[in-house]
Amino acid sequence: MNWKDILGEKTGCRLIFNAPMTDYTTYKTGGAAEVLALPENEEQILRLKTFCEQKNAPFRMIGLGSNILVSDKGLPGVICCLKNYVGISIRDEELTALAGTPLDEAASLSVENGLGGLESLSGIPGSCGGAVYMNAGAFGQETFDNLKCFKVINADGEIKQFCKNDVEYGYRKVKNIENCIILSATWLLKKQDPAELKQTRLSVLKRRAEKQPLEYPSAGSVFKRPVNDYASRLIDVCGLRGLSVGGAKVSEKHAGFIINYDNATAADVYALIRKVQEEVYKKTSVELQTEQILWGDFPGKTA
Ligand SMILES: Cc1cc2nc3c(=O)[nH]c(=O)nc-3n(C[C@H](O)[C@H](O)[C@H](O)COP(=O)(O)OP(=O)(O)OC[C@H]3O[C@@H](n4cnc5c(N)ncnc54)[C@H](O)[C@@H]3O)c2cc1C
């Protein structure tokens, strides 16, 4: 019997077979996942991971798909999507969110409750789990700044709690959690004037809307910030603003973004990423590194 025939019964997860990743990523491009699983509780997540290991089925985690480019050829195995594993609780100055909860909801609720420490992360369209995984940040605030601890299923299938200082973290990276499933995150916040926090949140959201091409599908900044510089500045001085391949284009509004402006394939986006990297290197000798995560087969790359 094929493992896919018993996956639902053994794990209790809702499953979508041949799931178009256009629906689960903010780039809105790429092929289909062989199976997309939508667990709603910890037990289902654990069962899913264990089942995939036993059956040797490829297994990947996804939050809200806002930092991923999926190949047009799609993805084999199971994608575990946590968008239905959501919830926030607040106790005194601690806010705990399940991994699939949108980070912006945590930011919004912290502001409403007069708790400072997440307000500048407003508008980041990822999940709390994805934010911990990437140490997402903006406007001088990072996910790890006020993080107290986070709960994971580790590589051995054990449920563990990490304090923030148990791991090494830095700009858009956290070491040694690559094989962990993040289940929840707890932030220790500070009591602050809700009106002031609201002001910060609104100004952050306004600056995002003014500077970022939010009217088009994208996955945010394509490249990491090079040392002492900005990828968008380098792309701009190289004259690449507006450069396009197929339906993918370097945003005219923010040169650090590639937008899916006209039914771009993932191959279009990938070819444009490579073109930008080549041109920037030729003209400035800076090697731009992608912040976005490439999944599946791309020409010259197997991820
Ligand atoms: C318009 C726009 C603006 C953005 N602005 C910013 C910004 O200002 N700052 C910033 O840092 N980012 C920004 N991003 C990028 C993105 O929102 C963040 O990187 C976010 O943290 C990704 O979260 P996600 O849930 O979408 O992760 P996904 O894209 O779903 O996954 C990203 C990685 O995290 C892993 N992952 C996700 N959830 C889990 C989990 N529960 N356990 C284990 N691994 C997991 C995945 O396997 C994958 O490797 C922006 C994106 C867009 C589209």
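On a predicted model such as this, the values are computed, not experimentally measured, just so you know.

**Section: the packing of helix H3 (residues 103-112) against helix H5 (residues 194-211)**
Then comes step 1: Interaxial distance between H3 and H5 falls to 8 Å at its minimum, and their mutual angle equals 150°. Taken together, H3 and H5 sit at an angle that is classed as roughly antiparallel. Taking contact as the criterion, the partners of Ala107, Val111 and Glu112 in H3 are, on H5, Pro194, Leu197, Lys198 and Arg201.
Then comes step 2: For the contact of H3 with H5, the class distribution of residues is four nonpolar, no polar and three charged.

**Considering the nonpolar core**
Buried together is how nonpolar side chains tend to be arranged in soluble globular proteins.
Then comes step 1: Membership of the largest hydrophobic core comes to 84 residues, with the highest contact counts inside it found for Ile182 and Val269.
Then comes step 2: When neighbours within four sequence positions are excluded, Ile182 is seen to be in contact with Ala99, Gly129, Val132, Tyr133, Phe150 and Val152.

**What to know about the site of the ligand**
Then comes step 1: Near the ligand, the surroundings consist of 32 residues, among which Gly63, Gly126, Gly129, Gly130 and Gly220 are the closest.
Then comes step 2: Elements represented by at least two residues in the shell around the ligand include exactly strand E3 (59-62), helix H4 (128-134), strand E9 (137-138) and strand E15 (181-188).
Then comes step 3: When its residues are assigned to classes, the shell around the ligand shows 18 nonpolar, 13 polar and one charged.

**Observations concerning the sheet that holds strand E11 (residues 147-153)**
Sheets are built from strands paired through backbone hydrogen bonds, the pairs being either parallel or antiparallel.
Then comes step 1: What the five strands build is an open sheet, ordered E6-E7-E15-E11-E12; its pairing is antiparallel. Of all the strands in the sheet, the pair left with one neighbour each is strand E6 (88-91) and strand E12 (159-163). Averaged over all neighbouring strand pairs, the angle between strand axes comes to 15°, with direction disregarded.
Then comes step 2: In terms of strand pairing, E11 meets E12 through five bridges, oriented antiparallel.

**Details of the pairing of E15**
Then comes step 1: Among the eight residues in E15, seven count as buried, and that is most of the element.
Then comes step 2: Across five bridges, the pairing between strand E7 (residues 94-98) and E15 is antiparallel. Paired with Glu94 across the two strands is Leu188, which belongs to E15.
Then comes step 3: When E11 meets E15, the two strands line up antiparallel, connected through six bridges. Looking across to E15, one finds that Phe150 is bridged to Ala185.

**Some remarks on the sheet that holds strand E1 (residues 14-20)**
Then comes step 1: If you walk across this open sheet you meet the four strands as E1-E2-E5-E3, and the pairing is mixed. Here the strands that pair on one side only, and so sit at the sheet edges, are E1 and E3. Taken over all neighbouring pairs, the strand axes of this sheet differ in orientation by 30° on average, direction set aside.

**Some words on the domain arrangement of the protein chain**
Then comes step 1: Segmenting the protein chain into domains produces domain 1 (3-81), domain 2 (88-211) and domain 3 (231-302).
Then comes step 2: Contact residues are listed per partner, giving 14 residues for domain 1 and 14 residues for domain 3.
Then comes step 3: Counting residues per element, the side of domain 1 that touches domain 3 draws most heavily on strand E4 (residues 68-70), at three residues.
Then comes step 4: Each residue belonging to the side of domain 1 that touches domain 3 can be placed in one class, and the counts come to five nonpolar, five polar and four charged.

**Quick look at the packing of helix H1 (residues 3-11) against helix H2 (residues 42-55)**
Then comes step 1: Running from N to C, H1 and H2 point in directions that differ by 150°, and their axes come no closer than 10 Å. Taken together, H1 and H2 sit at an angle that is classed as roughly antiparallel. Pair H1 / H2 crosses with right-handed handedness. Two secondary-structure elements touch here, H1 through Trp3, Leu7, Lys10 and Thr11 and H2 through Gln44, Arg47, Leu48, Phe51 and Lys55.

**Some remarks on unusual backbone geometry**
Then comes step 1: Backbone geometry places Asn135, a non-glycine residue, at a positive phi of 45°.
Then comes step 2: Checked against the element boundaries, Asn135 lands in the loop between H4 and E9.
Then comes step 3: Its 18 C-beta neighbours within 10 Å are what place Asn135 among the partly exposed residues.
Then comes step 4: A positive phi angle, near 50°, is found at Asn263, a position not held by glycine.

**Here we look at the environment of Arg274**
Then comes step 1: On the secondary structure map, Arg274 appears in helix H7 (residues 266-284).
Then comes step 2: Put simply, Arg274 and Thr290 are 16 residues apart on the chain and 9.9 Å apart in space, counted from C-alpha to C-alpha.

**Things to note about H5**
Then comes step 1: Helix length check: H5, at 18 residues, gives a terminal C-alpha distance of 26 Å against a target of 26 Å (1.5 Å per residue), a fit within 8%.
Then comes step 2: For H5, the complete set of buried residues consists of Leu197, Arg201 and Val204. Buried residues of H5, viewed axially, fall in a sector of 65°; they line one side. Opposite the buried face of H5, at more than 90 degrees from it, the exposed residues are Ala195, Lys206, Ala209 and Glu210.
Then comes step 3: Against the buried residues of H5 lie H3 and strand E8 (115-116).

Calculation criteria
Residues numbered from 1 in each chain as written. Predicted model: local features only at pLDDT ≥ 70, side-chain atom pairs only at ≥ 80, totals over all residues. Axes fitted to C-alpha atoms, helices over the stretch in contact; angles between N-to-C directions. Helix = DSSP H or I, 4+ residues; strand = E, 2+ residues; numbered from the N terminus. Parallel < 35°, antiparallel > 145°, perpendicular 65-115°, else oblique. Contact = placed C-beta atoms within 7 Å. Nonpolar A, V, L, I, M, F, W, Y, C, P; charged D, E, K, R; others polar. Core = buried A, V, L, I, M, F, W, Y, C linked by C-beta atoms within 7 Å. Buried ≥ 20, exposed ≤ 12 C-beta atoms within 10 Å, placed from the backbone. Near = placed C-beta within 6 Å. Pairing = 2+ DSSP bridges. Domains from an automatic or database assignment. Left-handed = near helix turned anticlockwise from the far one by under 90°. Expected span 1.5 Å × (residues − 1). Arc of directions from axis to C-beta.

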